[in-house]
Amino acid sequence: MFPPRHYTRCLLLFLLVLSDLSMSESQSPCAAKKRRMREKVRNMFYHAYDNYMTYAFPHDELKPLTKTFTNSLSELGNLKLEHLPQDYNGSALTLIESLSSLVIMGNNTEFERAVLWLSENLIFDVDARINLFECNIRVLGGLVSAHLLASDSSKKFFRGAYKNQLLVLAEDLGKRFLPAFNTPTGLPYAWINLKYGVMENETTETSTSGCGSLILEMGALSKMTGDPIYESVALRALRKLWSMQSSLKLFGTTLNVSTGQWIEYSSGIGAGVDSFYEYLLKAHILFGKEDFWKMFHSAYVAVQKYFRHGPWYHEADMRTGRATYWQLTSLQAFWPGLQVLIGDVIAANSSHREFFNVWKKFGVLPERYLLDLQMLHPTEKYYPLRPELAESTFYLYQATKDPWYIEVGESIVNSLNLYTKVEGGFASIKDVTTMQLEDHQHSFFLAEMCKYLYLLFDDSFVHENNYVFTTEGHPLPVLSTWHEELPEAYIPTNWTFVKRQPTVNRISAMSLQVCPAMNLMSGQHIESACHIPDARSDYRCLTDEDCGVDATTCRRRSCSMAGYCGLWLII
């Protein structure tokens, strides 16, 4: 166990540029509520954290009902619980996931003690078959993020002499990932043994997220170590995946890493695909490559065209664009937060309100809700403390400063304390109709749920610098040194140095975070990311399906009786 905590206050950072609060705002009723709610969230975090440290540490996750533990790193994504290790005793998963949350809440003392314990005790040379995607976003992401925080001398989050201990651990783990990429396609296996590599007769099936959501953590590892191999294999996999898109610019959900063929052609923005879209945009922000933005924009337009139905997003066949499943899944709730980052705030707000309506209906957000039947999925009625709605609430409040989102956050906090808090921590919900509990406190409750709720009520962490938050909520600073610049050109015949011509900065909706489209004072027009062109350049149409989304208002265009697309229906 660690010694008792000592709380300190500090400033930290984030991706959105925030304005300072005025004296009058700091004394307003809303400000008082935010301070009160911040302390409620802080208490929630430490109730979960302290119980983990008491009853589960150094194992992976807490079982709050029985006050025991589970070594769940080998179980994540392993629905059939196959090939479980016999001698694996955990990797302190919840502690790793809590590192950046400790910093954000100002507890640098506990952060430093956790870093020192991990550097002296954590080893990855264990006979454990793990899911590459889950281990990447939770463990590698947690270590990489915490290293960047600990090594930031200007912030002094780590008071002692930090000697890159977490980076050493991260690189050791990254090296153990590499055999997974040894496939004919470059698409990685979903599973790998940390000690022995890819096992004999390992399954070749993986998900779109599983092979397309590695670039942030592995790219950051390359930037920090100077070894390009990690970024290289993740980028190769991403580019191969991109080449597998359909003619409609859509992707499936599962595929074969050996053949490069799709297995499941239906997909949406939820499980199996969600973080693929997320990482295209965030990779552009973190690394500055224009290719990432082009890929994201193309994919985003396709999603808006084929998946969106009003404020909802259904699933569709990647080959035809036809709807397959009309359902809400809890993981979809991240999407409004992503839309905020490109300035599509109107669309983000519309979807977020529908997600929150479902939350209010059940008290929490069920894993799957059938939109066409307006009923719960018969078997997926659980709520495993997922943080995506809180995440989008935080982003939308940052973009709008609308106090309604503070009310949403308060409702989420109250529901969690009412339905999921137990003496030994916070328990998942097995059935939202009965609120029957399940004996599991997921590590992402500390990594994401508590973090985003805390930032909603106290955003001092994100005032001065820019961060990109990974899909697991781990902050990575946006550093100019990580943004690639084109090298100077050389003429090989005489090695004459040739200066580049001055380049003109291309302005995009993403770079200025604007939506709807607008005209700058310079007269330059910026087209918003929500724009979807009409099917025909002459604007003729037979049905509404031939019409796109207006770039100026972000409203869906419709087909008139005369056969032309336009904003005929203003709602």
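Values in this document were obtained by computation on a predicted structure and should not be read as measured data.

Undergrad: Looking at this structure, how should I read the packing of aromatic side chains?
TA: Enumeration over the complete set of coordinates arrives at 28 aromatic pairs. Taking the ring centre of Y265 as reference, the NZ or CZ of R319 above it sits at 3.8 Å. Above the ring of W404, the side-chain terminus of R353 is found at 4.0 Å from the ring centroid.

Undergrad: Where do I start with the state of the cysteines in this structure?
TA: Every disulfide links exactly two cysteines, by a covalent bond between their sulfur atoms. What the rule picks out here adds up to one disulfide. A disulfide bridge connects C541 with C559, and the sulfur atoms are separated by 2.1 Å. In this structure, the disulfide formed by C541 and C559 twists by about 95 degrees around the S-S bond and is classed as right-handed. Here C541 is found in the loop between β25 (525–526) and β26 (558–559), whereas its partner C559 is found in strand β26, with 18 residues between them in sequence. Taking relative accessible area as the criterion, C559 reaches 19% and is therefore assigned buried.

Undergrad: I would appreciate a short explanation of the confidence of the model for the protein in the present structure.
TA: Note: predicted coordinates in regions of low pLDDT should not be interpreted at a detailed level. Confidence in the prediction for the protein averages 87 pLDDT; 84% of positions are at 70 or higher. The low-confidence segment residues 1–24 (pLDDT under 50) makes 81 contacts with residues lying over four places distant or belonging to another chain. Scored below 50 in pLDDT, residues 485–522 makes 67 contacts in the model with residues more than four places away or belonging to other chains.

Undergrad: What is the right way to read the pattern of salt bridges from this model?
TA: Any two side chains of opposite charge can pair, given that their charged atoms come close. Tallied over the full model, the rule gives 22 salt bridges. Note that R368 is salt-bridged to E380, the shortest N-O span being 3.0 Å. With R368 in strand β14 (residues 368–370) and E380 in the loop between β15 (375–376) and α14 (388–400), this residue pair connects regions lying twelve residues apart in the sequence. Note on accessibility: R368 and E380 belong to one class, buried. The partner of D534 in a salt bridge is R557, with the nearest N and O atoms 2.7 Å apart. Taken together, the residues span a long stretch of sequence, with D534 in the loop between β25 and β26 and R557 in the loop between β25 and β26 at a distance of 23 residues. Across the pair, R557 and D534 agree in class, each one buried. Salt bridges linked by common partners bring R38, E39, R42 and D458 together as one network.

What counts, and at which threshold
Residues numbered from 1 in each chain as written. Predicted model: local features only at pLDDT ≥ 70, side-chain atom pairs only at ≥ 80, totals over all residues. Heavy atoms only, no water. Phe/Tyr/Trp six-rings, centres within 6.5 Å; stacked < 30°, edge-to-face > 60°. Lys NZ or Arg CZ within 6 Å of the ring centre and 35° of its normal. Disulfide = S-S within 2.5 Å. Helix = DSSP H or I, 4+ residues; strand = E, 2+ residues; numbered from the N terminus. Buried < 20%, exposed > 50% of the residue type's maximum accessible area, 1.4 Å probe, protein only. pLDDT = per-residue confidence, 0-100. Contact = heavy atoms within 4.5 Å. Salt bridge = Lys/Arg side-chain N within 4 Å of Asp/Glu carboxyl O.

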